Amino acid sequence: MTYLDLISVAPCFSLADEATGYGPVFEEQPVETIYPEESPEAKITMNCRARASPPATYKWRKDNKDIDFSAESSHFSLMGGNLVISDPVKEQHAGNYCCLAANTFGTVISREASVQFGYLDLFSSEERESVHVKEGQGAVLLCAPPPHYPAELSFRWILNEFPTFIPLDKRRFVSQITGNLYISKVDSSDSGNYSCIASSSSISKSVFSNYIPLVPLSERHNRKYPADLNVKFPDTTALVGQNITLECFALGNPVPEIMWKKLDGELPPNHEVRTAGAHLHLHNVQFEDSGTYQCEAKNVPFPEWVEHITNTEKDLGSRYTMSCVASGKPEPQIRWMKNGELMSFNSLTFEDSGMYQCVAENRHGVLYANAELRVFACAPTFEHNPLKRVLAPRNGRVVIECRPKAAPKPTFTWSKDTELLSNSTRVFIWEDGSLEILNVTRADEGRYTCFAENDRGKANSTGSLLVLESTKINLAPTNADIKAGENALMQCAALHDPSLDITFIWSLDDHVIDVQTDSQHYDSNGALLIKNAQLKHAGRYTCMAQTPIDNATESAQLVVRGPPGAPGGVRVMNKTEKKVTLQWSRGADNHSPISKYSIQYRDAYSGDEWKKAATSPPEVEGNAETATVVDLFPWTEYEFRVFAANTLGTGEPSSPTAKEKTLDAVPVVAPSNIGGGGGTSRELTITWTPVQPQHYYGSNFGYIVAFRPFDNKEWRKVMVADPLARSYIHKDLALPPLTKFQVKVKAFNSKGEGPFSLTAVIYSAQDAPSEAPSGFEGKALSATEAFVSWLPLPQDSIDGYQVKFWRNHEESEGGAQTVTASNTDTNTRLDGMKPNSNYLIEVRGYNTAGYGPPSERLQIRTKKAPPSQAPRIIGKRLKGQTINIVLYRKQGQALGTLYTTSRLYIDLPLPAEGDYVVEVRAHTEGGDGAVAQIQITGNKGSGGVMAARSLALILLALLCLNL
C-alpha cells in the first residue's frame with residue numbers, strides 16, 4: 001500500500017522562503033505494532049517526528065477520530081510528537097493510528113499504522129492420549145497449537161527431553177502450517193514421548209505441549225503400504241516479490257519419494273526443494289510463476305508397466321512377438337489373454353487377429369494392457385511410398401529404400417537403367433528390399449528400379465541417384481589443457497559440395513551441446529568457444545560437419561584442472577565428550593594433487609550455519625583419510641562435512657554425516673549475573689542468568705542455589721530442577737528486613753555438579769514504610785497546575801514518594817491520578833488538573849515491599865480557566881513612532897519582545913523593515929487566553945533613513961473577563 005503525504009502550503013510560498021520557514025516534512029512515521037499482552041513494559045510508543053520551521057505541533061487520530069489527550073482517565077499522552085499509550089487495554093487501544101504534524105504553513109498526515117495485541121496462550125493441560133501404531137505404518141501426531149495472535153507460528157518437536165529436537169529427513173516432517181509431526185514409516189526407534197513447541201517470533205514467546213507417548217507395535221512381517229499424501233498445500237495467493245513455501249508429505253512403506261512439477265510449464269528457476277522434498281520454496285515470485293503446481297509421492301509397491309502391447313498390423317505368415325514387462329515389489333506375474341480367454345500361438349494366421357490383453361499382478365494390485373492385432377494380405381503396391389531422387393556423397397555410401405506395402409513379404413530385384421543388378425563387393429540388396437552401394441562414384445549416377453513380387457501379385461517403382469562431392473574436415477580441433485574459469489577454443493572447418501548447406505554440431509562425450517540453452521559457457525560459429533570452463537566441461541569434444549547427405553567428424557580432448565571433488569563416505573568412527581574421529585574416502589583430484597582437508601560442523605544451536613571445526617592435527621594433510629575434531633561441546637548433536645583443497649582452490653563439501661551426539665559430561669559453565677534482593681517482606685529473592693542449552697552437557701539439568709547470612713559460616717542449599725529458571729525466592733517469617741546475604745549458584749546434571757558462580761552480596765526485602773510524611777502543604781499555580789511539598793522521611797527506609805490527587809465529590813479515590821518522586825525529593829509539580837476545581841491530595845513513601853501510610857489530606861482549589869476567546873483587533877493607524885501590541889516578534893522567529901498593558905491599546909516602536917507578527921491575548925491568574933494575530937510591515941524612508949511615522953493599534957476586548 002502506498003501513502004501520499006498531503007501538504008497544505010501557505011500562499012506565495014517558494015523555495016526562496018525557506019530562510020523564513022517551511023512546512024512539516026516527516027523524518028519518522030508510525031509503524032505496524034504488535035504489543036505482547038504479557039509485556040512487562042506497560043506502554044506502547046508510536047513514533048512521529050517532522051522537520052518544520054516554525055516547529056510542528058502534533059495531533060493523533062485513532063480509527064479516523066482525533067485523540068483527546070485531556071480526557072479523564074486517558075491512557076494517551078504526547079512525548080514530543082510520539083504517542084505513548086500507558087497501561088494499554090486491547091478493547092480500547094487496538095486499531096489504526098496516524099499522526100498529524102502542523103505549523104503555520106500547513107499540515108501533513110503520516111501513513112496509517114495499526115496497533116494489535118499479540119498473545120500465545122499455554123497448551124491445554126489435558127493429558128495427551130498414547131498413539132499406538134504398527135511398525136511400517138505411518139503416524140501423525142497432532143500439535144493442536146493454543147489460541148494465538150498473530151497467526152504466524154513456527155513449530156518444532158522434542159523427544160523425551162529438551163533440547164533433543166526431532167531431526168527432519170525423508171521419514172519425518174513437521175508442518176509449519178498446522179504444527180503436526182508426520183512419520184511416513186514408524187519403526188522401533190520412534191518409541192518415546194513427544195512434545196510440540198510453538199514459537200511466536202512477534203512476541204518472543206514459546207510454549208510446550210504435554211507429552212504424547214508414541215508406542216510402535218512390532219509386526220512379524222514388514223508389510224508394505226502405498227504412498228498416502230497427508231500434507232497438501234492449499235491454493236495460494238502471493239504478491240510480486242514475496243517468498244512462498246508449499247508443503248507436501250506422504251506416509252507409506254517404503255518411505256515415499258516426493259516430486260514436484262508445474263503442470264503448465266517448467267518449475268521456475270527461482271525454486272528450491274528442501275526438507276527431503278517436503279518443501280517447495282519459490283523465491284521472489286513473479287507473474288510468470290503463477291500456475292498449477294503438483295506434488296507427487298511414489299513408493300512403487302504396485303505393479304507398473306515398463307513395456308506393454310499396442311495396436312499392431314502384421315503380414316500374414318510373418319513372425320511377431322508380443323512383449324509385456326512390469327515392475328513392482330514383489331515382481332508381478334504376467335498372464336496373457338485373447339478375447340477374454342487364456343491364449344498361446346506358434347505361428348501367425350488370419351485367425352490370430354483379435355483383441356489381446358496382458359495382465360500384471362502382485363499382492364498389491366492388478367494392471368491391464370489392451371491391444372488389437374490385425375493380420376492382413378495384399379499384392380505389392382508403391383502407391384504410398386514410391387522411389388524418389390536420392391543424393392549420395394562421392395566415395396561414400398548410399399542406401400536406396402524399397403518399401404512397398406505387401407503381404408506376405410515379397411521378393412525383391414533391382415535394375416540400373418537397363419542393367420539387372422545382383423550382389424557384389426560394392427552392391428547389396430538387403431532382406432527388406434533396400435539397395436546399398438559402397439564407394440560411390442560418378443559412374444553410379446542413373447535411374448534405379450525396384451521390383452517386388454509375392455503370391456498375390458507384383459509391382460515396381462523407379463527413382464534416380466545423383467552423386468555429389470563428399471564432406472571433409474580440413475581444420476580439426478586439438479587437445480587443450482586449462483584451469484577452471486579459463487576459456488578454450490576448439491577449431492573446426494570443412495570442405496563440402498557447394499550445392500549443399502552445411503552445419504557444425506558439437507558434442508561432449510557423445511552428448512550433443514545445445515549452444516543456445518547453454519550460452520553462458522558455449523558459443524559457436526563453426527569453431528566452439530568454451531567460456532569460463534568448469535570441471536564438468538572436461539572430456540572428449542567432437543566436431544561433426546553435417547550436410548543433408550553425409551557428415552565428417554574429428555575429436556579432441558579438453559582437460560580442465562580445478563579444485564578437488566567432494567570426499568565420499570564421511571562417517572564418525574568413535575566419539576568422546578569433546579572429540580569425534582572422522583573417516584572418509586578421497587574424491588577426484590581433478591588433475592591437481594590434494595594438498596589438505598578442512599572440516600566443518602553444524603549443531604542444533606547454529607541452525608543452518610556451518611562452522612569451521614578445530615582438528616588434531618590442526619592441519620589435515622592431503623594424503624590423510626581420518627582426522628579428529630576437538631573442542632566440541634558434550635551431549636550435543638553434530639553433523640560434519642569435509643572439504644578437499646589443492647593449489648587451484650577448495651572443492652565442494654562432502655555429504656553431511658548422520659547426526660551424532662557427543663557423550664555427556666559434568667557442567668563447567670556456571671550461571672552469571674548473580675543478584676537479587678527486594679521483593680515482598682520476609683523474602684530473599686535470588687536471581688541469575690540461566691546457562692545456555694549448549695552448556696547443559698547432559699540430561700536432568702538444573703541449578704543448586706546456595707545462600708547464607710553475611711555473618712554465618714553455614715551455607716543453605718536448594719535445588720531448582722528447571723533449566724530455564726531465572727530466580728529462587730526463599731521465604732522466612734523470622735527473616736529481618738534488609739538482612740545482608742552472600743549468594744552463589746551452580747549447575748548440575750545427571751553426571752554431577754559444576755563449579756559455583758562468583759559470590760554476590762544481596763539484601764532481603766525491606767518492610768513497607770511505617771511512617772507518613774509530615775508538613776504536607778501546597779498551592780495552585782494555575783487552572784491546571786499545583787505545587788506541593790513535604791518534610792522528608794529517612795532515605796534508607798524508602799525508594800521514593802507517591803502523590804495522589806483527585807477532584808473532591810466529582811471523582812473517587814480509585815480514579816486518582818498519581819505522580820512519583822525520588823527519595824531525595826521533597827516537592828513536586830502536579831499538572832493535568834481541571835480548572836476551578838477542589839482537589840484532595842495526599843503523599844506517602846514506598847519501597848519494594850509496598851506503600852507506607854498516607855499523609856494528612858491537603859485540599860487545593862485550582863484557578864479559573866483563562867479566557868477562551870481571543871481579543872479582536874478592530875483597527876490600526878499611524879501615530880508618531882509607536883504601535884499597540886502585546887507580543888512583538890519577527891515572522892519566522894519564535895522569540896520576541898513581551899509588553900503588558902491594562903488598556904485596550906498599546907504603543908510600540910514601528911519596525912524599520914521586515915515583516916512582523918503582533919500577538920494579543922488576555923491574561924488572568926488561571927493563565928494565558930487565546931491568541932489574536934496581525935501582521936505589519938516595516939517602513940523605510942529614502943536613503944535608508946527611518947521615516948518619522950507611527951502606528952496605533954486599537955484593540956477591542958470582546959471578553960467578559962471576571963478577573
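Since the structure is predicted, the reported quantities are computational estimates derived from the model, not experimental observations. (Residues numbered from 1 in each chain as written. Predicted model: local features only at pLDDT ≥ 70, side-chain atom pairs only at ≥ 80, totals over all residues. Heavy atoms only, no water.)

1. Some details on the overall build of the chain
The test is simple: Secondary structure elements follow DSSP: runs of H or I of four or more residues count as helices, runs of E of two or more count as strands, with numbering from the N terminus. Only the C-alpha atoms count toward the radius of gyration. The rule for a globule is 2.2 Å times the residue count to the power 0.38. Burial classes: relative accessible area under 20% of the type maximum marks a residue as buried, over 50% as exposed, and values in between as partly exposed (1.4 Å probe, protein chains only). We call two residues in contact when some of their heavy atoms are within 4.5 Å. Note on areas: Shrake-Rupley with a 1.4 Å probe; residue coverage comes only from the protein chains shown. The charged-residue count follows a simple rule in which Lys and Arg add positive charge and Asp and Glu add negative charge, with His and chain termini not counted at all. Here the site of a charge means atom NZ of a Lys, CZ of an Arg, CG of an Asp or CD of a Glu.
A count of helices and strands for the chain gives one helix and 87 strands. For 963 residues, the compact-globule estimate of 2.2 N^0.38 gives 30 Å, and the C-alpha radius of gyration of the chain, at 47 Å, exceeds that figure by more than 25%. If one aligns the C-alpha atoms of the chain with their principal axes, the spans along those axes are about 140 × 95 × 65 Å. In the chain, which comprises 963 residues, the share counted as buried stands at 41%. Within the chain, contacts between residues at least 6 apart in sequence are counted, and of these 65% link residues at least 24 apart. When the accessible surface of the chain is totalled, it reaches about 52500 Å², and 49% of it is carbon and sulfur. Once the 94 positive and 109 negative side-chain charges of the chain are each reduced to a mean point, those two points are 3 Å apart.

2. Re the UniProt feature "domain: Fibronectin type-III" (unreviewed entry) in the chain
Selection criterion: UniProt positions are given in the numbering used here, feature names are shortened, and annotations may be inferred rather than shown by experiment.
UniProt's feature table lists "domain: Fibronectin type-III" (unreviewed entry) at residues 566-665, 670-767 and 772-865, given in the numbering used throughout. Helix makes up 0% of residues 566-665 and strand 48%, whereas the separation of the span's terminal C-alpha atoms amounts to 34 Å. Between the end C-alpha atoms of residues 772-865 there is a gap of 34 Å, over a span that is 0% helix and 45% strand.

3. Considering the confidence of the model for the chain
Put simply, the rule is: Along the chain, pLDDT gives the predictor's confidence residue by residue, from 0 to 100.
In the predicted model, the chain carries a mean pLDDT of 86, and the fraction of residues at 70 or more is 92%. Scored below 50 in pLDDT, residues 956-963 makes 15 contacts in the model with residues more than four places away or belonging to other chains.

4. Notes on the sheet that holds strand E40 (residues 419-421)
Going by this rule: At least two bridges found by DSSP between two strands are what make those strands a pair. Note on method: axes are straight lines fitted to C-alpha atoms, helices fitted across the in-contact stretch only, with angles between N-to-C directions ranging 0 to 180 degrees.
The five strands are arranged E36-E44-E43-E39-E40 in an open sheet whose pairing can be described as mixed. Two strands lie at the open edges of the sheet, namely strand E36 (390-393) and E40, each paired on one side alone. Between one strand and the next, the sheet's axes are offset by a mean angle of 30 degrees, whatever the strand orientation. Bridge count for strand E43 (residues 446-454) against strand E44 (residues 457-468) is nine bridges, and the pairing is antiparallel. Residue pairing for E44: glycine 446 is matched across the bridge by leucine 465.

5. A look at the environment of leucine 475
One can find leucine 475 in strand E45 (residues 472-475). Remark: the alpha-carbon pair of leucine 475 and cysteine 492, spanning 17 residues in sequence, is separated by 5.2 Å. Dropping the residues within four chain positions of it, leucine 475 is found in contact with Gln491, Cys492 and Ala493.

6. Side note on the sheet that holds strand E74 (residues 786-789)
Spatial strand order, E73-E74-E77: three strands in an open sheet with antiparallel pairing. Each of the sheet's edge strands pairs with one partner strand only, and the pair in question is strand E73 (777-780) and strand E77 (827-830). When strand polarity is set aside, the average angle formed by the axes of neighbouring strands in this sheet is 15 degrees. Bridge count for E73 against E74 is four bridges, and the pairing is antiparallel. Bridge pairing links glutamate 777 to serine 789 in E74.

7. Points about the UniProt feature "domain: Ig-like" (unreviewed entry) in the chain
Under the present numbering, the feature "domain: Ig-like" (unreviewed entry) in UniProt falls on residues 24-116, 121-208, 226-299, 303-374, 380-466 and 471-559. End-to-end, the C-alpha atoms of residues 121-208 are 10 Å apart, and along that stretch the chain is 0% helix and 39% strand.

8. Topic: the packing of aromatic side chains
Threshold: Stacked, edge-to-face and tilted are the three classes for Phe, Tyr and Trp ring pairs, Trp counted by its six-membered ring, which pair at centre distances within 6.5 Å; planes under 30 degrees apart are stacked, over 60 edge-to-face, the rest tilted.
With the rule as written, the count across this model stands at 17 aromatic pairs. On the numbers, 5.6 Å between centres and 75 degrees between planes, the contact of tyrosine 35 with phenylalanine 117 is edge-to-face. In this pair, tyrosine 35 sits in strand E2 (residues 33-36) while phenylalanine 117 sits in strand E11 (residues 113-120), placing the two residues 82 residues apart along the sequence. Look at phenylalanine 117 and you get buried, because its relative accessible area is 4%. Between the aromatic rings of tyrosine 601 and tyrosine 638, the centroid separation amounts to 5.6 Å while the plane-to-plane angle is 75 degrees, which identifies the pairing as edge-to-face.

9. Describing the state of the cysteines
Simply put, disulfide is the name for a covalent bond between the sulfur atoms of two cysteines. Put simply, the test is: Any cysteine sulfur atom paired with another within 2.5 Å is treated as part of a disulfide.
Within this structure, the stated rule accounts for six disulfides. The disulfide partner of cysteine 402 is cysteine 450, and the gap between their sulfur atoms is 1.9 Å. Judged by the sign of its S-S torsion, about -80 degrees, the bond between cysteine 402 and cysteine 450 is left-handed. One end of the pair, cysteine 402, is in the loop between strand E37 (398-400) and strand E38 (405-407); the other, cysteine 450, is in strand E43, with 48 residues separating them in the sequence.

10. So, a nonpolar patch on the surface
Quick note on the threshold: Every patch collects residues that have over 30% relative accessible area and no salt bridge, joining them within 9 Å if they carry like charges and within 5 Å if they are nonpolar side chains (Val, Leu, Ile, Met, Phe, Trp, Tyr). Whenever a carboxyl oxygen of Asp or Glu lies within 4 Å of a side-chain nitrogen of Lys or Arg, that contact is scored as a salt bridge.
Judged by side-chain polarity, Phe710, Leu738, Val761 and Tyr763 come together as a nonpolar surface patch covering roughly 350 Å² of accessible area. Looking at the secondary structure, you find tyrosine 763 in strand E72 (residues 760-763). Judged by its relative accessible area of 39%, tyrosine 763 falls in the partly exposed class.

11. Looking at the pattern of salt bridges
For the structure on display, the rule yields 40 salt bridges. Put simply, glutamate 639 and arginine 602 hold a salt bridge, and the shortest N to O gap is 3.1 Å. Of this pair, glutamate 639 sits in strand E62 (residues 637-646) while arginine 602 sits in strand E57 (residues 596-603), and the two are 37 residues apart along the sequence. Residue glutamate 639 is classed as buried on the basis of its relative accessible area of 13%. Classification of arginine 602 by relative accessible area gives buried; the value is 18%. A network of salt bridges, in which partner residues are shared, links Lys804, Glu813, Glu842, Arg844 and Arg857.

12. Quick word on the nonpolar core
Basically, it comes down to this: Side-chain atoms within 4.5 Å link the members of a nonpolar core, which is a set of buried Ala, Val, Leu, Ile, Met, Phe, Trp, Tyr and Cys residues.
In this structure, Leu141, Phe155, Trp157, Leu181 and Tyr194 are the most contacted members of the largest nonpolar core, which totals 22 residues. Among the secondary structure elements, those contributing two or more residues to this core are strand E13 (139-141), strand E15 (154-159), strand E17 (181-183), strand E18 (192-200) and strand E20 (212-217). If we skip the residues at most four places from it in the chain, leucine 141 touches Val131, Trp157, Asn180, Leu181, Tyr194, Ile212 and Leu214. Counting 21 residues, the second-largest nonpolar core is a separate cluster that includes Ala52, Tyr97, Ala113 and Val115.

13. Points about the side chain of threonine 615
Selection criterion: Distance and chemistry together define a polar contact, namely a pair of N or O atoms within 3.5 Å, with one atom able to donate a hydrogen and the other to accept it when in protein, and with adjacent residues in sequence counting only for side-chain atoms on both sides.
Assignment of secondary structure puts threonine 615 in strand E59 (residues 614-616). A polar contact of 2.7 Å, which involves the side chain of threonine 615, links it to the backbone oxygen of proline 617. Once residues within four sequence positions are removed from consideration, threonine 615 is found in contact with Ile599, Val620, Thr628, Val629 and Val630.

14. Here's the deal with unusual backbone geometry
Among all residues save glycine, negative phi is the norm, and among peptide bonds the norm is trans. In the segment running from serine 53 into proline 54, the intervening peptide bond is cis, with an omega of 0 degrees. With respect to the helices, strands and loops of the structure, proline 54 is situated in the loop between strand E4 (49-53) and strand E5 (57-62). Following serine 616, the chain continues into proline 617 via a peptide bond in cis, with omega recorded as 0 degrees. With respect to the secondary-structure elements, proline 617 resides in the loop between E59 and strand E60 (620-621). The phi angle at serine 204 is positive, at roughly 50 degrees, despite the residue not being glycine. Positionally, serine 204 belongs in the loop between E18 and strand E19 (205-208). Overall, serine 204 belongs to the exposed group, its relative accessible area being 69%. Of note in the backbone geometry, arginine 682 takes a positive phi value of approximately 70 degrees without being a glycine. Take arginine 682: it is sitting in the loop between strand E65 (672-676) and strand E66 (683-689). We classify arginine 682 as partly exposed; its relative accessible area is 27%.

15. A closer look at the pairing of strand E61 (residues 626-630)
Of the strand pairs in this sheet, strand E56 (residues 580-585) and E61 are connected by four bridges, and their pairing is antiparallel. Across the sheet, the residue bridging to threonine 581 is threonine 628, located in E61. In the sheet, E59 pairs with E61 via three bridges, with the strands oriented antiparallel. The residue bridging threonine 615 from the neighbouring strand is valine 629, located in E61.

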